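So you can see what is in the structure, the chains are spelled out below.
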Amino acid sequence: MYRIVASINTLLQHLDSLANSPVIYRPNACPHCSYGKLWCHGCYERKADRHSPTSDSFNPIPIPRYLCLGCHQTCSRLPECIAPRRWYDWVIQQTVISMLLSGCSLCGCSRQCKLDRRTIRRWWHKLQSRRHEFELFLRTRFPELGRSVDFADFWRNCLQTMSLSQAMAWLDREGVIVP
Ligand SMILES: [Zn+2]
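Residues numbered from 1 in each chain as written. Predicted model: local features only at pLDDT ≥ 70, side-chain atom pairs only at ≥ 80, totals over all residues. Heavy atoms only, no water.

A. Spotlight on the nonpolar core. Residues Phe134, Leu138, Trp155, Cys158, Met168 and Leu171 are the most contacted members of the largest nonpolar core, which totals 34 residues. Counting residues per element, the ones that place at least two in this core are α2 (90–101), α4 (117–129), α5 (131–141), α6 (151–161) and α7 (164–173). Top element by residues in this core is α2. It accounts for seven residues. Core analysis: the next-biggest nonpolar cluster, separate from the first, contains nine residues, Val5, Leu38, Cys68 and Cys75 among them. (Core = buried A, V, L, I, M, F, W, Y, C linked by side-chain atoms within 4.5 Å. Buried < 20%, exposed > 50% of the residue type's maximum accessible area, 1.4 Å probe, protein only. Helix = DSSP H or I, 4+ residues; strand = E, 2+ residues; numbered from the N terminus.)

B. Focus on the pattern of salt bridges. As enumerated under the stated definition, the model contains four salt bridges in all. Between Arg118 and Asp116 there is a salt bridge whose closest N-O contact spans 2.9 Å. For the salt bridge of Glu133 with Arg130, the shortest nitrogen-to-oxygen distance reads 2.9 Å. Residues joined in a network through salt bridges with shared partners are Arg131, Glu135 and Arg139. (Salt bridge = Lys/Arg side-chain N within 4 Å of Asp/Glu carboxyl O.)

C. Spotlight on helix α1 (residues 11–20). When α1 is considered as a whole, its buried residues turn out to be Leu11, His14, Ser17 and Leu18. An end-on view of α1 places all buried positions within 120° of arc, on one side of the element. For α1, exposure combined with an orientation more than 90 degrees from the buried face picks out Leu12, Ala19 and Asn20. Turning to α1, the residues buried within the fold contact β3 (61–68) and β5 (78–79). (Arc of directions from axis to C-beta. Contact = heavy atoms within 4.5 Å.)

D. Examining the coordination of the zinc ion more closely. Every protein donor of the zinc ion is accounted for by Cys30 (SG), Cys33 (SG), Cys68 (SG) and Cys71 (SG), and the metal-donor separations fall at 2.3 Å. One can describe the site at the zinc ion as tetrahedral: its four donor atoms subtend angles covering 104 to 114° at the metal. Along the chain, the residues donating to the zinc ion fall in the pattern C-x2-C-x34-C-x2-C. Of the two residues, Cys30 is situated in the loop between α1 and β2 (38–46) and Cys71 in the loop between β3 and β4 (74–76); the sequence distance between them amounts to 41 residues. Residue Cys71 is classed as partly exposed on the basis of its relative accessible area, which comes to 28%. (Donors = N, O, S within 2.8 Å, 3.2 Å for Na, K, Ca; no water. Tetrahedral: all angles 85-135°; square planar, octahedral: opposite > 155°, others 65-115°.)

The values reported here are purely geometric and, on their own, carry no functional implication.
Written out as structure tokens, the structure is:
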């Protein structure tokens with residue numbers, strides 16, 4: 001759906017880009033009808049800063065929105081550091097997935113990361129349920145990943161080659177709905 005703007009890896013970088021070069025967020029075409037004319041349509045807000053103490057928090061984080069002049073639907077663009085449809089960012093998700101790939105149990109991972117076990121299980125199952133689609137696209141683009149022998153091997157190699165957010169931004173650009 002081309003929803004993610006790649007290479008914007010921190011919230012500070014996002015706020016700076018939005019203020020100084022907002023044009024990089026504007027989609028070339030509407031994700032609903034492919035029409036090529038979109039107008040800026042304000043921002044919506046996300047509480048994406050999960051790391052800073054309240055006094056230094058960047059929240060709320062503005063997310064730019066666009067209105068299609070063809071079909072009159074809106075769309076938005078997220079910086080790579082914010083995960084679509086998820087409360088937690090990619091960095092936390094990558095930490096969890098890497099631990100599970102290394103053989104850590106759901107309970108152990110939950111304890112160490114201080115995250116609900118159900119949340120961790122949902123991320124893990126989601127990655128497994130989409131694995132064939134994700135792996136197909138990633139193998140096509142990154143042939144070195146083709147040598148992986150199974151699910152765990154593939155994602156271990158993938159996360160050594162690139163971050164989870166980079167992999168997801170690349171899939172998004174190919175039209176794959178992530179995560
Ligand atoms: Zn449209």
